[in-house]
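Secondary and tertiary structure notes
Here are the chains, one letter per residue:
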Amino acid sequence: MDNPLTPPVLADPVALTRALVDVESVSGAEKYLADCVEQVLRDRPYLQVARLGNTVMARTELGRERRVVLAGHLDTVPVADNLPSRVEGDVIYGCGTSDMKSGVPLALHLAATVPAPWYDVTYFFYECEEVESERNGLNLVARAHPEWLTADFAVLLEPTYGGVGAGCQGSLRAVVTTTGVRAHSARAWHGVNAIHAAADVLDRLRRYEPRRVTIDGCEFREGLNAVGISGGVAGNVIPDHCEVVVNYRFAPDRSEAEAEAHVRDVFAGYDVRLTDSAPGALPGLTAPPAVEFLAAVARAGDGAPPAAKLGWTDVARFAALGVPALNFGPGDPNLAHTREERVEIPRIRAGARALREWLA
Ligand SMILES: [Zn+2]
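Figured I'd write up the structure that's included with this text.

1. Focus: the side chain of Glu 30
For Glu 30, the position within the fold is in the loop between α2 (13-21) and α3 (31-42). Arg 135 is the oppositely charged side chain nearest to the buried, salt-bridge-free Glu 30, at an N-O distance of 6.3 Å. Reaching out from Glu 30, the side chain makes a polar contact with the backbone nitrogen of Cys 128 at a distance of 2.8 Å.

2. Thoughts on the packing of aromatic side chains
Within the structure shown, the criterion is met by six aromatic pairs. A network of ring pairs unites the aromatic residues Tyr 119, Phe 153, Phe 293, Phe 328 and Trp 358 as a single cluster. The side chain of Arg 86 reaches across the aromatic face of Tyr 93, ending 4.3 Å from its centre. Across the ring face of Tyr 161, the terminal group of Arg 347 is positioned such that the distance to the ring centre comes to 3.8 Å.

3. Things to note about the environment of Val 40
When you line up the elements, Val 40 lands in helix α3. On the basis of relative accessibility, which here comes to 4%, the residue Val 40 falls in the buried class. In the structure, Val 40 is positioned 33 residues away from Pro 7 in sequence and 9.0 Å away in space, judged by C-alpha atoms. Not counting residues within four places of it along the chain, the set of residues in contact with Val 40 comprises Asn 3, Leu 5, Leu 10, Leu 108 and Ala 112.

4. With respect to the coordination of the zinc ion
Protein-derived ligands of the zinc ion are His 73 (NE2), Asp 99 (OD) and Glu 158 (OE), with the metal-ligand distances lying across 1.9 to 2.2 Å. If you list the donors of the zinc ion from N- to C-terminus, the spacing comes out as H-x25-D-x58-E. Of this pair, Asp 99 sits in the loop between β5 (91-93) and α4 (104-113) while Glu 158 sits in the loop between β7 (153-156) and β8 (165-166), placing them 59 residues apart in sequence. On the basis of relative accessibility, which here comes to 5%, the residue Glu 158 falls in the buried class.

5. Observations regarding the sheet that holds strand β9 (residues 170-179)
One open sheet accounts for four strands, arranged β13-β15-β9-β16; its pairing is antiparallel. Each having just a single partner strand, β13 (223-231) and β16 (271-278) make up the two edges of the open sheet. Ignoring strand direction, the axes of neighbouring strands in this sheet form an average angle of 20°. In the sheet, β9 pairs with strand β15 (residues 241-250) via ten bridges, with the strands oriented antiparallel. Counterpart to Val 176 in the pairing with β15 is Val 244. Sheet strands in contact with helix α6 (residues 194-207) are β9, β13 and β15, and its direction is about 15° off that of β15.

About the criteria used
Residues numbered from 1 in each chain as written. Predicted model: local features only at pLDDT ≥ 70, side-chain atom pairs only at ≥ 80, totals over all residues. Heavy atoms only, no water. Helix = DSSP H or I, 4+ residues; strand = E, 2+ residues; numbered from the N terminus. Buried < 20%, exposed > 50% of the residue type's maximum accessible area, 1.4 Å probe, protein only. Lys, Arg positive; Asp, Glu negative; His and termini not counted. Salt bridge = Lys/Arg side-chain N within 4 Å of Asp/Glu carboxyl O. Polar contact = N/O pair within 3.5 Å; in protein donor to acceptor, adjacent residues only side chain to side chain. Phe/Tyr/Trp six-rings, centres within 6.5 Å; stacked < 30°, edge-to-face > 60°. Lys NZ or Arg CZ within 6 Å of the ring centre and 35° of its normal. Contact = heavy atoms within 4.5 Å. Donors = N, O, S within 2.8 Å, 3.2 Å for Na, K, Ca; no water. Pairing = 2+ DSSP bridges. Axes fitted to C-alpha atoms, helices over the stretch in contact; angles between N-to-C directions.

Take a look at the structure:
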């Protein structure tokens, strides 16, 4: 195999970013990139390597007191005429430059060049993060080999623009149904209009005041919103059924069950059906390896304080297993999945410096 991840490339996180970006790996098509990564890791005698599908795991077994995880997904969203990568000044453009092929090289560079890190380290390079959870490489590992995920602390290399994205919010979707009585619209007084009844549901949403919760110094700002509405039978029928889909983004001090109870409370008197939910993750900034990590990031970067991660990320999978986890990566999260996706080279270098100082 002609592996583009050569020793000089592995030694330089910026060159490694470009090399990873230039191997196209849209979700479901990560095999070649996973093969390249696996080969690099298997060449290192100090790493124990295993693979599940297109997810590659490598770990040191140095008998250190603590173990940390560095994890990054290999896949990207579909290419948008933005490959191969190009460099303009201090900026690399291309699919995955932010999410997250500028984060993955920070871990791969360390795995390839640091035989005796300060903590034992488990590295994950995983598949299918950008698609449904059923295919997510970390989710598959959690089911097949949960022991691979055992650690005291985990860093996910998702884009945070060089800051620390602590924990994450939970997310829940539910369908609130209003009912009425069907009738001919020419004699509407014989019926009860379920669409009109939905006005009260929308009114409760409009009046709703979302919480702001501060945990470990990070503010999590909640939201409860309608994200869909459907109803109507025909142009001459008073409808007897209307559904409002709501999405609740909740701070990690609430469990999924508490979040569900809250939504049921808000829509008391209505039929509320839960369609899906995912737990949040506490920031976990007080675990000893996290404290040292934050200090290393502050020394290497711009020293911005940790902020709450407001989207849902795979940190929640670690949190569910009792492993504190946070997000840290050079890319700008607002550029993820865009045609103009790019990353600033100094941020890659700062991220690499922080991780090296923390682990090497
Ligand atoms: Zn990502």
